[in-house]
Amino acid sequence: MAVAITAAHGVVIKVGDGASPEVFTAIDAVHNGPNGPGFTPQMITARHHGSDDSFMKVSTVDKAPVTFDIYYDSADTQHAALITAAKNGTKKNFEMILTDTGAEKYAFGAFVQATFSGQVDGFNVMSIQLSIDGAITVT
């Protein structure tokens, strides 16, 4: 079944082909999302000897994953690439282009998780989670 769905909120999510130079292609039929990425600083509280005042420092920054659903089409090249990456535990590179005035782009490497569900309305839906590994480049 061919489905023509526009990415939710106009955000475009692209997956890389792994070649050099890498070519990124938009993932079609995205809906219900995307959510993420997010940044959560992990804080530690410390106090100097002889001082009653404590202070906080960031120890690390955890990255929340990107989640979204796709109307799954097994004949779609990018959908197949997501499933293959999930099945094989392969890290893929992604770009996510936001719809703000500057069209900000997030680039990151991630491992793919995919969960299938057959919906009541007849659509095959694949819930995708991109667990980010490494830095997120924001341009």
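The coordinates are above.
Because the structure is predicted, anything quoted here is derived from the model rather than measured. (Residues numbered from 1 in each chain as written. Predicted model: local features only at pLDDT ≥ 70, side-chain atom pairs only at ≥ 80, totals over all residues. Heavy atoms only, no water.)

**Remarks on the overall build of the chain**
Helix and strand counts for the chain stand at one helix and ten strands. Reading the chain from its N terminus to its C terminus gives the helix and strand order β-β-β-β-β-β-α-β-β-β-β. Across its three principal axes, the chain shows a C-alpha extent of roughly 70 × 40 × 35 Å. Out of the 139 residues belonging to the chain, those deemed buried represent 29%. Long-range contacts, defined as pairs at least 24 residues apart, comprise 56% of the intrachain contacts of the chain with a sequence gap of at least 6. Carbon and sulfur atoms make up 51% of the accessible area of the chain, which amounts to about 8,200 Å² in all. Both charge centroids of the chain, one from 8 positive and one from 14 negative side chains, sit 9 Å from each other. (Helix = DSSP H or I, 4+ residues; strand = E, 2+ residues; numbered from the N terminus. Buried < 20%, exposed > 50% of the residue type's maximum accessible area, 1.4 Å probe, protein only. Contact = heavy atoms within 4.5 Å. Areas by Shrake-Rupley, 256 points an atom, 1.4 Å probe, with all protein chains shown as cover. Lys, Arg positive; Asp, Glu negative; His and termini not counted. Charge placed at Lys NZ, Arg CZ, Asp CG, Glu CD.)

**Section: the side chain of His79**
Turning to its location among the elements, His79 is positioned in helix 1 (residues 77-88). Judged by relative accessible area, His79 falls into the buried class, the value being 1%. Side-chain polar atoms of His79 contact the backbone nitrogen of Asp73, separated by 3.1 Å. With near-sequence residues (within four places) excluded, His79 lies in contact with Ile27, Asp28, Ala29, Ile70, Tyr71, Tyr72 and Asp73. (Polar contact = N/O pair within 3.5 Å; in protein donor to acceptor, adjacent residues only side chain to side chain.)

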